[in-house]
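One letter stands for each residue in the lines below.
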Amino acid sequence: MEAYLVRLPYYFYLVTLLFIFITGISFFLIASDNYIFNFFNYSNAIFFTFFQAAVATFFSSILGFLFSLILYLSGKSERLVSAFLNFCFILPVIFVSFGIIFFYSSNGVLSKILSLFSLDYDFKIFSFTGIIYVTSYFNIAFNANFFFRKLVNLPENYIKILKSNNITFWTALRLQIRGYLFQGYRSIVILTLIFCTSNFTILYLLSGSPRLVTIELSIYQSIIFNADLYSGITLGIIQLILMLFLSSLIMFNQNYDQSFNFNKSSNTRFPKNILISMAFYAIVFYFLIPFLILIKGLFNFNAQLFLSMGFLNSIFNSLKISSLSVSLSVFISLSALFTYRSFLEKNSKLQKFTFLSITILLFIPSLTLSSVIFYLNFNLNFIFSNFLIVSVINSFFITPIVFVFLSSKFIENYFYESKQCIILNISPFIRLIKIDIPKIKNELVLIISAVFVLSLGDLTSITIFNDSSFRTIPLFISQLYNNYKYDDAFFILSLFIISLFFIMYLPSKFLNRNAYIR
Amino acid sequence: MNLKLLTVLLLFPFQVLAKEELKILTYGSFNSDWGPGPNIEKEFESICNCDLVWNTADSSGALLSRVKLTKNNEGFDVLLGLDDSLITEAIENDLFLEHKIKEFNLDIDWNNKFFTPFDYGYFSFIYDQTKLSTPPRSFDELASRNEISIIIMDPRYSTPGLGLAKWINQVYQNDAIEFWKNLQDQIIITSKSWSDGYGLFLEGESDIVLSYTTSPAYHSLIEGNSNYKSLNMTEGHAVQIEVMGILKNASNIELARTFLEFSLSENFQKHIPQGNWMYPVINLQNSQNEFYSAAPKPKSLDQVFPSFAQKENWILNWEASLGE
């Protein structure tokens, strides 16, 4: 009975998801007589979605790998490097996009520096270049973190043996380490491709050309401008099918998550190398480029705006939404992990269903999901408040991330633990509270802070579900932008990023204070 | 004490104090802290003994899309901010109620039984006079000066983008595709939204940007920067009129009518020039002289209320010029 109680949030989630799917499908069936969907009108968008994602994935993989090697060989604090890469990965898209524009635009920092040397500057950070640059920015950080964590887990003795045998690290990398580094990498490539496919905001801000349209942009146009929910849902289903096809490679490969954790701190030291040091600072500079916009933002300090009710109200709403979203996603994830593990223990094939039921949310375009929920709420005579809907939608998108991040640690030693629990007559609830949660405490704290930040920066569902008293910080920034107040928008954006930094930083301080380093 | 009497006494003050609600659907920037919405709300609530409740959508196009999808089952009373290009489509979808608001002494010609105009503007291109010393004076000159780079907005996503498509079709009619083709090489960015395109222009990405004749007024009056100017095209400028109407399924039609009447008063209109950065529909030259000086009105083209098919045709003309 207790086991069912622990599984209840997951079952509740399944029912909600089912309800939303039924709503989408029923609309699809009812409305099909009134709408015409011409697949060929969207073939270009479908092709471009996966083409740009493939190119961005290619650059992310290559550069992520190279960056990780340099970061590793630099010998800098691995926790710091890893936290930095994590932070870059979860930065809000609008921040990175505006930061890149601020640096590379015709009046930007780079142009001004070059003009000091009387050099011409005619680089354009828009269209395909901009899309690939910004999409890759996040995914280079993601890929570099994967390889970096693998590298720091190389045993110290192994490095010592290499040294004592006069084998260079590069030779070992070519002959031996490469195989270890790329073990389980297929899953990371697929995840990268999925992230690169879902880059709606980047396309919206940087495409700069009417030809560069993705499936998500077409969904946006269909729903927001053409009132064509039918095409929006159809395109969402097409994206879902294509993504599921790609993700099927992950689902049968359970190594997807091994790289998220440090197994052991190696503290390996390599001899100082000036080239590695220079490359290290170049990489740090590359990742810090968007942060230069903070200077512009803070120079435009506006006390009146900072103390305005609109701003304070937006902060309050953002915090409320993120708190509820994160709470919901943690409950669902823990419950789903518990269910997933119990299926593993029984060697049941339902484990794959559990995994799919959670990760499927990664593949559904946010706008399609938001629109179906809007349609559902409309049919229910708008019984759900905007706050609840936005929180639930946000929680749906962060739940797979929490689930995947925690899964390897959660199921660690599951077979042995399961036997011990039976022998010692430990109930499922006690197992979750007294064994599982303490075991994953560190990962839980880290992922909660990360998804809290992700949820704070979301600007998708709130554009549909808002009213005069319900705005979030990203919407507040967007409204400043729409009212010619670009400098004020950069000021608020800067404050926002600084707060995100503290939200990410405080949990790691907490973990360090507890000196719980595995 | 009698229980019924006690209940009545307890409820009485709340019944008296309970205010009627007027639910308005508008676009986000109208009701932002810097838009005219909050001041208009104060003015109207001071005379109506009611609560004005705002709901917002992304843009003018998104407003119509939303009420089309829901048939206004959300129960909004007034839709505020519809672009004149969408009026015919809105009427064809049978979403609005006729009203009999008297529209006297307007600055524009207006005769529509479904909609009341509340502001208007002219599409234009904005340039920085310190960078472009001899601005083009006509579309032909603009297209012939290949050195001038332009940012426009995608007409499928943006109201000003659609406005430019309308403007070019008004000027060139059957030769619109040819003109678009001539202009294409100079268009370096086609942004999805006005704010992104305008922001990129301010970052120096182009020489001119599609916006409104009123944009320089913002820079001049708020930032004290008079370098930004609007092109003055000899062919004339396409006009954009923003309107409001009473939605079917409105829960408070009388209050909605009162609001529409109020929208034509000075107490509403005075918040438009430096709140929404558009021209008010009643002449406020005396009280808002600095605004009119900073945003002089250009030669106007005729008003157009396109059907859905005409609008599609404008977009097709633009798409045809893009080539394969």
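None of the values given here were measured: they were computed from a predicted structure. (Residues numbered from 1 in each chain as written. Chains lettered and ligands numbered in written order. Predicted model: local features only at pLDDT ≥ 70, side-chain atom pairs only at ≥ 80, totals over all residues.)

Considerations on the overall build of chain B
Secondary structure summary: chain B contains 13 helices and ten strands in total. Over its C-alpha trace chain B gives a radius of gyration of 22 Å, about what one expects of a compact globule, namely 20 Å for 324 residues. Taken over the C-alpha atoms alone, chain B extends approximately 90 × 40 × 35 Å along its principal axes. A burial count over chain B gives 49% of its 324 residues as buried. Of the contacts formed within chain B by residues at least 6 apart in sequence, a portion of 78% connects residues at least 24 apart. (Helix = DSSP H or I, 4+ residues; strand = E, 2+ residues; numbered from the N terminus. Rg over C-alpha atoms; globule rule 2.2 N^0.38 Å. Buried ≥ 20, exposed ≤ 12 C-beta atoms within 10 Å, placed from the backbone. Contact = placed C-beta atoms within 7 Å.)

Topic: the environment of Leu25(B)
Residues and elements named next belong to chain B. Counting through the fold element by element, Leu25 comes out in strand E1 (residues 20-27). The class for Leu25 is buried, based on 26 C-beta atoms found within 10 Å. Once you skip the residues sitting within four places of it in the chain, Leu25 turns out to touch Asn55, Ala57, Leu63, Phe76 and Leu79.

Looking at the packing of helix H18 (residues 366-379) of chain A against helix H19 (residues 386-411) of chain A
All names here are of chain A. Two elements in contact, H18 and H19, have axes separated by 11 Å at closest approach and are oriented at 145 degrees. Crossing angle aside, the handedness with which H18 passes H19 is right-handed. Taking contact as the criterion, the partners of Ser366, Leu369, Ser370, Ile373 and Asn377 in H18 are, on H19, Ile389, Ile393, Phe396 and Phe397. Taken together, the residues that form the contact of H18 with H19 break down as six nonpolar, three polar and no charged. (Axes fitted to C-alpha atoms, helices over the stretch in contact; angles between N-to-C directions. Left-handed = near helix turned anticlockwise from the far one by under 90°. Nonpolar A, V, L, I, M, F, W, Y, C, P; charged D, E, K, R; others polar.)

Describing the nonpolar core
Membership of the largest hydrophobic core comes to 230 residues, with the highest contact counts inside it found for Ile492(A), Val78(B) and Leu79(B). Inspection of this core shows a minimum of three residues originating in each of domain 1 (18-120 + 241-294) and domain 2 (122-239 + 301-322) of chain B. Setting aside residues no more than four positions away along its own chain, Leu79(B) makes contact with Leu25(B), Leu63(B), Val67(B), Met244(B), Gly245(B) and Leu247(B). (Core = buried A, V, L, I, M, F, W, Y, C linked by C-beta atoms within 7 Å. Domains from an automatic or database assignment.)

Points about helix H21 (residues 428-456) of chain A
The end-to-end C-alpha separation of H21(A) is 33 Å, well short of the 42 Å expected for 29 residues at 1.5 Å each. Lys441(A) marks where H21(A) bends most, by close to 65 degrees. (Expected span 1.5 Å × (residues − 1). Bend = angle between axes of the 7 residues up to and from the residue.)

A word on the domain arrangement of chain B
All names here are of chain B. For chain B, the assigned domains are domain 1 (18-120 + 241-294) and domain 2 (122-239 + 301-322). For domain 1 and domain 2, the distance between their C-alpha centroids amounts to 26 Å. If you look at the interface, domain 1 gives 19 residues, while domain 2 gives 17 residues. Of all the elements in the fold, those that place two or more residues in the side of domain 1 that touches domain 2 are helix H3 (60-70), helix H4 (87-92) and helix H12 (289-294).

Some points on the interface of chain B and chain A
A common measure of how large an interface is: the accessible area buried when the components associate. On the chain A side, the residues contacting the 36 residues of chain B number 33 residues. Those elements giving two or more residues to the side of chain B that touches chain A turn out to be strand E2 (50-57), H3, strand E6 (187-191) and helix H8 (194-202) of chain B. Looking at the side of chain B that touches chain A residue by residue, the classes come out as ten nonpolar, 16 polar and ten charged.

Some thoughts on the packing of helix H2 (residues 43-73) of chain A against helix H13 (residues 274-288) of chain A
All names here are of chain A. At a closest axis distance of 9 Å, the pairing of H2 and H13 adopts a crossing angle of 120 degrees. One finds that H2 runs oblique with respect to H13. The handedness of the crossing between H2 and H13 is left-handed. Judged by residue contacts, Phe67, Ile70, Leu71 and Leu73 of H2 engage Ile276, Ala279, Phe280 and Ile283 from H13. (Parallel < 35°, antiparallel > 145°, perpendicular 65-115°, else oblique.)

Examining helix H3 (residues 78-90) of chain A
Residue and element names in this part refer to chain A. Given a rise of 1.5 Å per residue, 13 residues ought to cover 18 Å, and the 18 Å separating the end C-alpha atoms of H3 matches this to within 8%. When we look at burial in H3, the residues that qualify are Glu78, Val81, Phe84, Leu85, Cys88 and Ile90. As for H3, its buried residues are in contact with H2, helix H6 (127-152), H13 and H21.

What to know about unusual backbone geometry
Outside of glycine, negative phi angles account for most residues, and trans bonds account for most peptide bonds. All names here are of chain A. Of note, the phi angle at Ser127 is positive, near 55 degrees, even though the residue is not glycine. Its location among the elements puts Ser127 in helix H6. With 17 C-beta atoms counted inside 10 Å, the residue Ser127 sits in the partly exposed group. Even without a glycine there, the phi angle at Asn381 is positive, about 60 degrees. You can see Asn381 is positioned in the loop between H18 and H19.

Some remarks on the confidence of the model for chain B
All names here are of chain B. Residues with a pLDDT of 70 or more make up 94% of chain B, whose mean pLDDT is 90. Between residues 11-16, whose pLDDT stays under 50, and residues either more than four places distant or in other chains, the model counts zero contacts. Two numbers describe this predicted complex: its pTM, 0.87, and its ipTM, 0.86. (pLDDT = per-residue confidence, 0-100.)

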